[in-house]
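Here is what each chain is made of, one letter per residue.
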Amino acid sequence: MSSATLPAAAAAYLAALARELADLPADERAELLEEVEASLVEAGDDPVARLGSPARFAAELRASAGLPPAAPRQAPPREPLWQRLKRDPRTRAALSVARELAPIWWVARAALLLMLLTTGVQSTYGGILPRLTGHPGLDVLICALPFAASIAIGLAGRRRALPLRPLRVAADLALVACLALVPGQVNDIRGRATQIVYATAEPARQAGLTASGVAVTNVYPYDARGRLLHDVRLYDQNGAPLDVGRGAQDPNRRPVFNPAGARLFNAFPIRYYDPGTDRVAHPNAVPHGLQPKPLR
Amino acid sequence: MTSMDRSQLLRGVLDAAVLAVVRRADGYGYDVVRRLRAAGLTDVGDASVYGTLRRLYRGGALTSYVVPSDEGPHRRYYGITERGRAQLDEARATWEEFERTLDALLQEEEAMTPELTA
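Here is what the cut-offs are and how they apply
Residues numbered from 1 in each chain as written. Chains lettered and ligands numbered in written order. Predicted model: local features only at pLDDT ≥ 70, side-chain atom pairs only at ≥ 80, totals over all residues. Heavy atoms only, no water. Contact = heavy atoms within 4.5 Å. Buried area = accessible area lost by both parts, 1.4 Å probe. Salt bridge = Lys/Arg side-chain N within 4 Å of Asp/Glu carboxyl O. Polar contact = N/O pair within 3.5 Å; in protein donor to acceptor, adjacent residues only side chain to side chain. Patch = residues over 30% accessible without salt bridge, like charges linked within 9 Å, V, L, I, M, F, W, Y side chains within 5 Å. Areas by Shrake-Rupley, 256 points an atom, 1.4 Å probe, with all protein chains shown as cover. Helix = DSSP H or I, 4+ residues; strand = E, 2+ residues; numbered from the N terminus. Buried < 20%, exposed > 50% of the residue type's maximum accessible area, 1.4 Å probe, protein only. Pairing = 2+ DSSP bridges. Core = buried A, V, L, I, M, F, W, Y, C linked by side-chain atoms within 4.5 Å. Axes fitted to C-alpha atoms, helices over the stretch in contact; angles between N-to-C directions. Phe/Tyr/Trp six-rings, centres within 6.5 Å; stacked < 30°, edge-to-face > 60°. Expected span 1.5 Å × (residues − 1). Bend = angle between axes of the 7 residues up to and from the residue. pLDDT = per-residue confidence, 0-100.

## Focus: the interface of chain B and chain A
Thought 1: In this complex, chain B contributes 19 residues to the contact, which on the side of chain A involves 21 residues.
Thought 2: The contact between chain B and chain A buries some 1700 Å² in all, and 48% of this surface belongs to carbon and sulfur atoms.
Thought 3: Interface area lost by chain B to chain A is led by Tyr-30, Tyr-50 and Arg-54 of chain B, which between them contribute 31%.
Thought 4: The tally of links from chain B across to chain A stands at 6 salt bridges.
Thought 5: Its salt-bridge partner being Glu-31 of chain A, residue Arg-54 of chain B comes within 2.1 Å of it at the nearest N-O pair.
Thought 6: Along the contact surface separating chain B from chain A lie 11 residue pairs in polar contact (both at pLDDT 80 or more).

Put into structure tokens, the structure is as follows:
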């Protein structure tokens, strides 16, 4: 029996029949199929049109030959979802787009890594580049390292030169997760960008009086004749009362009131009661050695 | 009669038809198919004949031998055996009795509804 002379359609039909009869003993199957060859030669190019589908032909063969029908075929087990996704051409299209855009991720992940690693660093150049060593050139080089490494890894991965692909994917996902799970980092990144605004703001205001950066806690006014004045009310250039800023807290501070009964905090010198009393022990006390001369 | 009925009839008598064809002359599978169709059983299926041949052979009603050929496939020929002849005679007897019975039935029908006769 030479099946080599059969045309392609006939050979395919024969093969399909063989599959349908696969459960039969080999010699039985061979003898059945032997006969069919002649029909196939007659059938020419379209065996299915003349002989019916291979399944139906095989079923009729079995029935008329007194053979038991084929065992009902089980549906092929459902492919696991990820395998069906893999086969889907849309997945392939999506993956190829992702692959094209991968360089964007390489840059982004390097930036993410850099930010995560330098979150403690407060001082920056221009609010963006962290100041690590103090030498701008060196810092730029150091900061460029993650970018260079990320791009190199990406390119090598693309050329399939790197093993452990799942590991790298997992690392990427972990990096994204770090960003999501640590909101503080996000705030810090945002803060970094806004620091540039604060850099030019005025120095923070401090409560109370300062003279040349030193806190003033009391003022001792003397008149032209060299006498210490009492309950002198002082105001600044805007007319605002000068307040040393400690007045409200100290319980021993001798309160001074205006005629309306409101407490004043800009009457100097500030006097303090002896603790537990309501008497100022030394109303004329001044800092040691202070003895201004009369002016005239 | 619908085609479905014809095929059921055919199934019942195919053994006898195949035996009769092979008794006249040995033949290979497709040859038997051709001769059956030439005799008037135009809608007999190739698969039905092949299966029947194999079954009759297994049952001992047919013998088979291969004729080698230099060009083209070797052909498996079937010939009738003694048992096959006996089976065929039995089939003929059964058929004739069946035919008589059915004829009688159909004639009664004809008598009762004359307008249906063609």
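After that view of the structure, there is still more to cover.
## Quick word on a nonpolar patch on the surface
Residues and elements named next belong to chain B.
Thought 1: Residues Trp-95, Phe-98, Leu-102, Leu-105 and Leu-106 make up a contiguous nonpolar surface patch of roughly 510 Å² in combined accessible area.
Thought 2: Within the element layout of this structure, Trp-95 appears in helix α4 (residues 82-112).
Thought 3: Judged by its relative accessible area of 42%, Trp-95 is partly exposed.

## Re the pairing of strand β3 (residues 75-80) of chain B
All names here are of chain B.
Thought 1: With 2 bridges joining them, strand β1 (residues 27-28) and β3 adopt antiparallel strand pairing. The residue bridging Gly-27 from the neighbouring strand is Tyr-78, located in β3.
Thought 2: Pairing of strand β2 (residues 62-67) with β3, which is carried by 6 bridges, proceeds in the antiparallel orientation. Across the sheet, the residue bridging to Ser-64 is Tyr-78, located in β3.

## Some points on the side chain of Ser-64 of chain B
Residue and element names in this part refer to chain B.
Thought 1: Here Ser-64 lies in strand β2.
Thought 2: In this structure the side chain of Ser-64 is engaged in a polar contact, spanning 2.6 Å, whose partner is the side chain of Arg-76.
Thought 3: Sequence-distant contacts of Ser-64, that is, excluding residues within four places in its chain, are made with Tyr-57, Arg-76, Tyr-77 and Tyr-78.

## Notes on the nonpolar core
Nonpolar side chains tend to gather and get buried jointly when the protein is soluble and globular.
Thought 1: Grouped together as the largest cluster of nonpolar side chains are 40 residues, with contacts concentrated most on Phe-57 of chain A together with Leu-36 of chain B.
Thought 2: For this core, the elements supplying multiple residues, two or more each, are α1 (8-20), α2 (26-43) and α4 (54-64) of chain A together with α1 (3-24), α2 (29-38), α3 (46-58) and β3 of chain B.
Thought 3: For this core, the leading source of residues is α1 of chain B, giving 7 residues.
Thought 4: If near-sequence neighbours (up to four positions away) are discounted, Phe-57 of chain A is found in contact with Tyr-13, Leu-17, Val-36 and Leu-51 of chain A together with Asp-46, Ala-47 and Tyr-50 of chain B.
Thought 5: Listed in part, the 5 residues of the second largest apolar core include Leu-209, Val-244, Phe-268 and Ile-270 of chain A.

## Side note on the sheet that holds β2 of chain B
Residues and elements named next belong to chain B.
Thought 1: Strand order across the open sheet formed by 3 strands is β1-β3-β2, with antiparallel pairing between neighbours. The sheet is open, and its two edges are formed by β1 and β2, each paired on a single side.
Thought 2: Relative to the sheet, α3 contacts β2 and β3, its axis offset from that of β2 by approximately 115 degrees.

## Regarding the packing of aromatic side chains
Thought 1: Evaluation of the coordinates by the stated rule reveals 5 aromatic pairs over all chains.
Thought 2: Ring geometry for Tyr-13 of chain A and Phe-57 of chain A: centres 6.1 Å apart, planes at 80 degrees, overall edge-to-face. With Tyr-13 of chain A in helix α1 and Phe-57 of chain A in helix α4, the pair connects residues that are 44 residues apart, well separated along the chain. Like Phe-57 of chain A, Tyr-13 of chain A is buried.
Thought 3: With a centroid separation of 5.5 Å and an interplanar angle of 75 degrees, the aromatic rings of Tyr-28 of chain B and Tyr-77 of chain B are classed as edge-to-face. Residue Tyr-28 of chain B is located in strand β1, and its partner Tyr-77 of chain B is located in strand β3; the two are separated by 49 residues in the primary sequence.
Thought 4: Through a chain of ring-to-ring contacts, the aromatic side chains of Tyr-28, Tyr-65 and Tyr-77 of chain B assemble into a single cluster.

## Observations regarding the environment of Gly-276 of chain A
Thought 1: With respect to the element layout, Gly-276 of chain A can be found in the segment after β8 (267-268).
Thought 2: On a C-alpha basis, the gap between Gly-276 of chain A and Pro-251 of chain A in space is 9.8 Å, while along the polypeptide they are 25 residues apart.

## A word on helix α6 (residues 89-117) of chain A
Residue and element names in this part refer to chain A.
Thought 1: Its 29 residues place the ends of α6 40 Å apart at the C-alpha level, agreeing with the 42 Å of an ideal helix rising 1.5 Å per residue.
Thought 2: The sharpest bend along α6 measures roughly 45 degrees and falls at Leu-101, with the proline Pro-103 sitting one to four residues further on.
Thought 3: Along α6, the residues that are buried comprise Ala-102, Trp-106, Arg-109, Ala-110, Leu-112 and Leu-114.
Thought 4: Measuring from the side-chain oxygen of the N-cap residue of α6 to the backbone nitrogen of Arg-90 gives 2.9 Å; that N-cap residue is Asp-88.

## Concerning the confidence of the model for chain B
Residue and element names in this part refer to chain B.
Thought 1: Across chain B, the average pLDDT comes to 86, with 84% of residues at 70 or higher.
Thought 2: For chain B, α1 is the element with the lowest average pLDDT, namely 83, and α2 is the one with the highest, namely 94.
Thought 3: Overall fold confidence (pTM) sits at 0.45, and the ipTM for the predicted complex is 0.80.

## Things to note about helix α7 (residues 136-158) of chain A
Residue and element names in this part refer to chain A.
Thought 1: Helix length check: α7 (23 residues) gives 33 Å between terminal C-alpha atoms against 33 Å at 1.5 Å per residue, within 8%.
Thought 2: The sharpest bend along α7 comes to roughly 30 degrees, located at Ala-144, with the proline Pro-146 sitting one to four residues further on.
Thought 3: Immediately beyond the C-terminal end of α7, within one or two residues, lies Arg-160, with a positive phi of roughly 60 degrees.

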